[in-house]
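One letter stands for each residue in the lines below.
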Amino acid sequence: MVGSSVTFTGCIDNDEPAGIENLRGAKAELLKAKAAVETAKADYVTMQARLVEANVKAKEIENQMQELELQKKQAKTEAEIAEINALLEVQKLQWEKLLVEAKQELAWTQKSYEDALKAIELAETVVSESEQKILHSAKVYLVAAAEDMNNKHDAMITAQKNLSNAYLNYDEEAVKAEINGNIALAEINKSAQERTVKNLEERLAKDYGTADWEKEVKELTDSIDVLNKEKQGKALEKDRIVNSDEYKTAEKNLNKAWDNLQLATIPADFSYEVPAAIVGKIDAAGGYFITEGDKTFFKLSKDSEKAQGTLTDIIAPLIKEIDEDMKAFTAEWEANQENAVKKAEDELKDAKEKHTEAVKKWKEKLAKYEELGNYAVATDQKIVNKVIDANFTKASAVLVGGASEIEKAAQTAARNAIATALHKYYTDVNAKVGLETEKFKINMGVVGDVEKTLVDWLSDTTLNGTYLNEILDKTGGWGTIESFKSALVLGENTAFITEIGKNTTKEDLKQASLDAFGPAYLYLEGAEYLTVQPSEADITSAYEKAVIDAEKANTAFKVIDAEQALADAKLMPEMKPAYEAFKKALVEEQTVIEKHIAGLTEAHKEAEAAFNKQKESIETIDAEIVALGESMAAITKVKAALEELLKESLGGSTTEAEYKEAISKELEVAKAAVTASEKTINSYKKQLAQIEEGTYTDQMYIEYKKVLLDEATKAYEAAKVVYEDAQARLQAVIEKLTKASAE
């Protein structure tokens, strides 16, 4: 195409003389039109790009939602399903938000495009007749390009939706019907494209040596008008069908059938008394087990339980768990039924004995704790340290030969005081938290070496100071007061004190309480241990609150487990038939719900078939309208090229070669369209053959939809390029006309 590359020269040749005022008016209107077109170009193309981006993101989210739906079907627990449902809601909101924003943006920019067309119409009213033809031709080319671009965009979005549906739905008969319908539509496109090829070939074969170019333009205009009237007639025919009572009724029935299918609840309330032998043994659908008095029921409500959800999320997991549990009913299980009660009784007896022993230990630890409280060794250490501080200097002094008897007596008294204080300290600490001291040998004269512990040597209130000094002499002397205290009071030197016990009565009580009754917080909020023995009712209540294994590992709860095991053992003969009866009831309810859904599905299929019958004619008309639009676009391009080449077009010249070059280019496009349609038809026929052979798969259907999406995306991108070229072309025309009006 020559397009916007045509160069305009010279001044505007007005058919009728115009005054200065008219020229100024023409200049002003052309400037307005120029500004409007520039604004429309910036806004419309930008927002089209944003719309495409939003739709691409929406498609990615939609595919993520499909993946989540697949995970939901495979989920095993209600928690997993709830988490997936929450993610789906977030994804759905984001998806809807993207699409709404995109549509709002396009609607807003549509206005700038329409404003530009109005500005051009005003400009057409104040320019000459020859200028009107040029401007009108460029405008028509832009309108056709915009319409084609929007149609291609809609086709791309439809292709995206079709791909999304292909992931979730594959029905062989429906696919066959779809492909046959697509073949029919493709044949319509091909027929219209062939008509365009024939028209262009006839024009290309024509001799234009002495052509009346104005007549040629009129013929092209008449051809476009004929196509446009045919297109308008098709649109009216479509409106008539869409607004007909038959169409509206079919659409209403389809929507109602769809709502009935999607929102369907179970057909009736369902209640089943669960046999005692299996009560509490089934985890799935726990919220539907209702206890009434001493009986447990499995209940479903027709007012709240969705039909499909009940099958997939409630009944199916229940049946699966029952089947898993029933694997335990082996020949060995059958053989052990007789011994089960005796074994359970023995285990209960053992559990009770262990609990009794644990309670006894708890009472002992409680008594010890109540006696010692928060006793700390440091309290007694402070007392003995005061005595040491008061007597250490005298006790540790070195007396030489001239010491008086009074000095010797004072030293002995000081040593005795320290030894007695140490003995009391050791005795008190040992009584409360335990103490171990080292053994020492002292020569007792006649009897020789005698070995006693440090505590025993210090127990002699008469000679304990002497013994202390003897022991210290053997181990390095008195030393400093700090080293003395560290070794004999704090026990930092194990030569004197092997171990000073710690007050563990609180920790011991906590452990004893845990072993006997379980975590105290199950009985009293925030409590670490129990100081009052709980009743059986208290223990039962705490047992019901326990969740994790660590909370259940205590003797009180093991008694409850053993009691339950004994009760289960007594019910063993009833367990297998109880499971079988419950499964039978569930399968029967499953069948009832499936029949209910099948009826609704069939009703939806019938409504869909009835609506599709109405819709088929519309799809055919839509295909015809698109085909007519493509024919109009092709001829419009040829006409636009011719008008630009006309001798009257601002001083240019028209030649047959140039005109035929424009026709040839458009003929290439038209022939390529026919080839593409033939390729599409052959692809459809190949798929039909594969379906008949049984080699067609749902994955092939998905891949086919991906190809269609790719083709639709490329077609949209190409149409956008043509639209941008049409904008540039119109701008160039207005600029030339504006320049000419000023000269």
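Draft legend 1. Structural detail: the overall build of the protein. Scanning the protein from terminus to terminus reveals 19 helices and 7 strands. In the protein, once contacts between residues fewer than 6 apart in sequence are set aside, the share between residues at least 24 apart is 79%. Accessible area for the protein stands at about 40800 Å²; split by element, carbon and sulfur atoms hold 52% of it.

Draft legend 2. Quick peek at the pattern of salt bridges. Counted according to the given criterion, the structure contains 28 salt bridges. Linking lysine 176 and glutamate 173 is a salt bridge whose minimum nitrogen-to-oxygen distance equals 4.0 Å. Highlighted residues: lysine 176 and glutamate 173, both in helix α4 (residues 172–205), separated by 3 residues, approximately one helical turn.

Draft legend 3. Molecular detail of a nonpolar patch on the surface. Residues Met444, Val446 and Val447 make up a contiguous nonpolar surface patch of roughly 330 Å² in combined accessible area. We classify methionine 444 as partly exposed; its relative accessible area is 33%.

Draft legend 4. Quick look at the packing of aromatic side chains. Per the stated rule, a full pass over the model turns up 19 aromatic pairs. Ring centres 6.3 Å apart and planes at 40 degrees place the aromatic pair tyrosine 701 and tyrosine 704 in the tilted group. Placement of both tyrosine 701 and tyrosine 704 in helix α19 (residues 698–742) is noted, with a separation of 3 residues, approximately one turn of the helix. With respect to class, tyrosine 701 is no different from tyrosine 704; both count as buried. Here a set of aromatic residues connected by ring pairs shows up, and it is made of Phe270, Tyr272, Tyr288, Phe289, Phe298 and Phe582. Lying across the ring of phenylalanine 297, lysine 299 places its NZ or CZ 5.4 Å from the centre.

Draft legend 5. Region of interest: the environment of tyrosine 467. You can see tyrosine 467 is positioned in helix α12 (residues 464–474). Judged by relative accessible area, tyrosine 467 falls into the buried class, the value being 10%. Between the C-alpha atoms of tyrosine 467 and phenylalanine 440, which are 27 residues apart in sequence, the distance is 9.9 Å. Ignoring sequence-local partners within four residues, the contact set of tyrosine 467 consists of Ile442, Met444, Trp457 and Asp460.

Draft legend 6. Geometry of the pairing of strand β6 (residues 449–453). Pairing between strand β5 (residues 439–443) and β6: 5 bridges, direction antiparallel. The residue of β6 that forms the bridge with lysine 439 is threonine 453. Connecting β5 to the next strand, β6, in antiparallel fashion are 5 residues, including glycine 445 with a positive phi near 75 degrees.

Draft legend 7. Layout of the sheet that holds strand β1 (residues 270–273). The strand order across the open sheet built from 3 strands is β1-β3-β2, with neighbouring strands paired in antiparallel fashion. Looking at strand neighbours, the two that pair on one side only are β1 and β2 (289–292), the edges of this open sheet. Pairwise comparison of adjacent strand axes, ignoring direction, gives a mean angle of 30 degrees for this sheet. Of the strand pairs in this sheet, β1 and strand β3 (residues 295–300) are connected by 4 bridges, and their pairing is antiparallel. Each bridged residue has a counterpart across the sheet, and for phenylalanine 270 the counterpart in β3 is leucine 300.

Draft legend 8. Seen up close, helix α10 (residues 405–432). For α10, which comprises 28 residues, the first-to-last C-alpha distance of 40 Å matches the rise-based estimate of 40 Å (1.5 Å per residue) to within 8%. Turning to α10, its buried residues are Gln411, Ala414, Arg415, Asn416, Ile418, Ala419, Ala421, Leu422, Tyr425, Tyr426 and Val429. Against α9 (377–396), β4 (435–437), α11 (454–457), α12, α13 (481–488) and β7 (497–500) lie the buried residues of α10. Count one or two residues on from α10 and you reach glycine 434, which has phi positive near 95 degrees.

Draft legend 9. View of the packing of α10 against α12. In the contact formed by α10 and α12, the axes pass within 7 Å of each other and the chain directions differ by 90 degrees. By the criterion of interaxial angle, the relationship of α10 to α12 is roughly perpendicular. Facing Arg415, Asn416, Ile418, Ala419, Thr420 and Leu422 of α10, the residues of α12 in contact are Asn464, Gly465, Thr466, Leu468 and Asn469. Considered class by class, the residues forming the contact of α10 with α12 number 4 nonpolar, 6 polar and 1 charged.

Draft legend 10. Representation of the side chain of serine 244 in the model. Inspection of the secondary structure assignment puts serine 244 in the loop between α5 (213–242) and α6 (245–262). Reaching out from serine 244, the side chain makes a polar contact with the backbone oxygen of isoleucine 241 at a distance of 2.6 Å. Polar side-chain contacts of serine 244 include one of 3.2 Å to the backbone nitrogen of tyrosine 247.

Draft legend 11. Focus on the packing of helix α8 (residues 331–372) against helix α14 (residues 505–517). Axis separation between α8 and α14 bottoms out at 8 Å; the angle between their running directions is 155 degrees. Considering their axes alone, α8 and α14 lie roughly antiparallel with respect to each other. Crossing of α8 against α14: the hand is left-handed. Along its contact with α8, which presents His355, Ala358, Val359, Lys361, Trp362, Lys365, Leu366, Lys368, Tyr369 and Leu372, the element α14 presents Thr505, Lys506, Asp508, Leu509, Ala512, Ser513, Asp515, Ala516 and Phe517. A per-class count over the contact of α8 with α14 returns 10 nonpolar, 3 polar and 6 charged.

Procedures and definitions
- Residues numbered from 1 in each chain as written.
- Predicted model: local features only at pLDDT ≥ 70, side-chain atom pairs only at ≥ 80, totals over all residues.
- Heavy atoms only, no water.
- Helix = DSSP H or I, 4+ residues; strand = E, 2+ residues; numbered from the N terminus.
- Contact = heavy atoms within 4.5 Å.
- Areas by Shrake-Rupley, 256 points an atom, 1.4 Å probe, with all protein chains shown as cover.
- Salt bridge = Lys/Arg side-chain N within 4 Å of Asp/Glu carboxyl O.
- Patch = residues over 30% accessible without salt bridge, like charges linked within 9 Å, V, L, I, M, F, W, Y side chains within 5 Å.
- Buried < 20%, exposed > 50% of the residue type's maximum accessible area, 1.4 Å probe, protein only.
- Phe/Tyr/Trp six-rings, centres within 6.5 Å; stacked < 30°, edge-to-face > 60°.
- Lys NZ or Arg CZ within 6 Å of the ring centre and 35° of its normal.
- Pairing = 2+ DSSP bridges.
- Axes fitted to C-alpha atoms, helices over the stretch in contact; angles between N-to-C directions.
- Expected span 1.5 Å × (residues − 1).
- Parallel < 35°, antiparallel > 145°, perpendicular 65-115°, else oblique.
- Nonpolar A, V, L, I, M, F, W, Y, C, P; charged D, E, K, R; others polar.
- Polar contact = N/O pair within 3.5 Å; in protein donor to acceptor, adjacent residues only side chain to side chain.
- Left-handed = near helix turned anticlockwise from the far one by under 90°.

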